[in-house]
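# Structural features, examined
So you can see what is in the structure, the chains are spelled out below.
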Amino acid sequence: MGVSTQKSYEVWGQFSRWVLKPAVAAINDYGTVTVKMTPEKRGRSVHAVRFDWHWKAPHEAAETVVENERHKSARRKHQTTTDAPPILLEDHDQSSEALSWWNSLSDQERERRADEVGRTFEAGGRILERRPRDIALKAFEKWTDAQ
């Protein structure tokens, strides 16, 4: 595990505190599984560690994915204002048919269609805002279904 150079990790308490517990906490926070660590003892000393895991519920996993897309300083924090402009990522395909259609609409028409498809969705018991790209795709899907 790359910790053989640390003499202090030979003591179970130090190894658990500085290596295992932070790793389990990170997996539980960023992953789509929940992990529980249980030390197994022989007498008073730990001889093994048992890791039990289970998949997170779909809504909880969706919430985790949404939070993972946020910057580390913004994770688990609620945005109090909505006046910030949307972030456009370069790796998204801006030339797709749906986005071309969306960009051809007037500002008023975009607002109306965004209201129709909904600007928010529920995931993990929380109401989250849709990304502008997702709103455009949903509106295009609804428009093509109506055609």
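### Let's talk about the overall build of the protein chain
- Of the regular secondary structure elements, the protein chain holds five helices and four strands.
- Its helices and strands in sequence order give the protein chain the pattern α-β-β-α-α-α-β-β-α, from N to C terminus.
- Long-range pairs, those at least 24 residues apart, make up 37% of the contacts in the protein chain with a sequence separation of at least 6.

### Here's the deal with the environment of valine 66
- Tracing the backbone through its elements, the reader meets valine 66 in helix α2 (residues 58–69).
- Valine 66 gets classed as partly exposed once you look at its relative accessible area, which sits at 25%.
- Along the primary structure valine 66 and leucine 128 are separated by 62 residues, whereas in three dimensions their C-alpha atoms are 8.9 Å apart.
- Once residues within four sequence positions are removed from consideration, valine 66 is found in contact with Phe121 and Leu128.

### Describing the nonpolar core
- Counting eleven residues, the largest nonpolar core is built from Ala98, Leu99, Trp101, Trp102, Leu105, Ala114, Val117, Ile135, Ala136, Ala139 and Phe140.
- Secondary structure elements with two or more residues in this core: α3 (97–104), α4 (107–117) and α5 (132–146).
- When sequence neighbours within four positions are dropped, the list of residues in contact with alanine 114 reads Trp102, Arg119 and Ile135.
- Grouped together as the second largest cluster of nonpolar side chains are seven residues, Leu20, Val24, Val33 and Met37 included.

### Description of α4
- Turning to α4, its buried residues number three or more, namely Arg113, Ala114 and Val117. Seen from one end, α4 has its buried residues packed into an arc of 105°, which puts them on one side. In this structure, α4 carries Gln108 and Asp115 as exposed residues pointing more than 90 degrees from its buried face.
- Contacts made by the buried residues of α4 are with α3 and α5.

### Topic: the confidence of the model for the protein chain
- Per-residue confidence for the protein chain gives a mean pLDDT of 82; residues scoring 70 or more make up 86%.
- At the low end of the mean pLDDT range in the protein chain sits strand β3 (residues 120–123), at 80; at the high end sits strand β1 (residues 33–42), at 95.

### Quick word on the pattern of salt bridges
- For the structure on display, the rule yields nine salt bridges.
- Between glutamate 111 and arginine 119 there is a salt bridge, with its nearest N and O atoms 2.7 Å apart.
- The salt bridge involving aspartate 115 is made with arginine 119; its shortest N-O contact spans 2.8 Å.
- We classify aspartate 115 as exposed; its relative accessible area is 51%.
- A residue is classified by how much of its surface remains accessible, and arginine 119, at 33% relative accessible area, is partly exposed.
- Taken together, the shared-partner salt bridges in this structure form one network comprising Glu109, Arg112, Arg113 and Glu116.

Cut-offs applied
Residues numbered from 1 in each chain as written. Predicted model: local features only at pLDDT ≥ 70, side-chain atom pairs only at ≥ 80, totals over all residues. Heavy atoms only, no water. Helix = DSSP H or I, 4+ residues; strand = E, 2+ residues; numbered from the N terminus. Contact = heavy atoms within 4.5 Å. Buried < 20%, exposed > 50% of the residue type's maximum accessible area, 1.4 Å probe, protein only. Core = buried A, V, L, I, M, F, W, Y, C linked by side-chain atoms within 4.5 Å. Arc of directions from axis to C-beta. pLDDT = per-residue confidence, 0-100. Salt bridge = Lys/Arg side-chain N within 4 Å of Asp/Glu carboxyl O.

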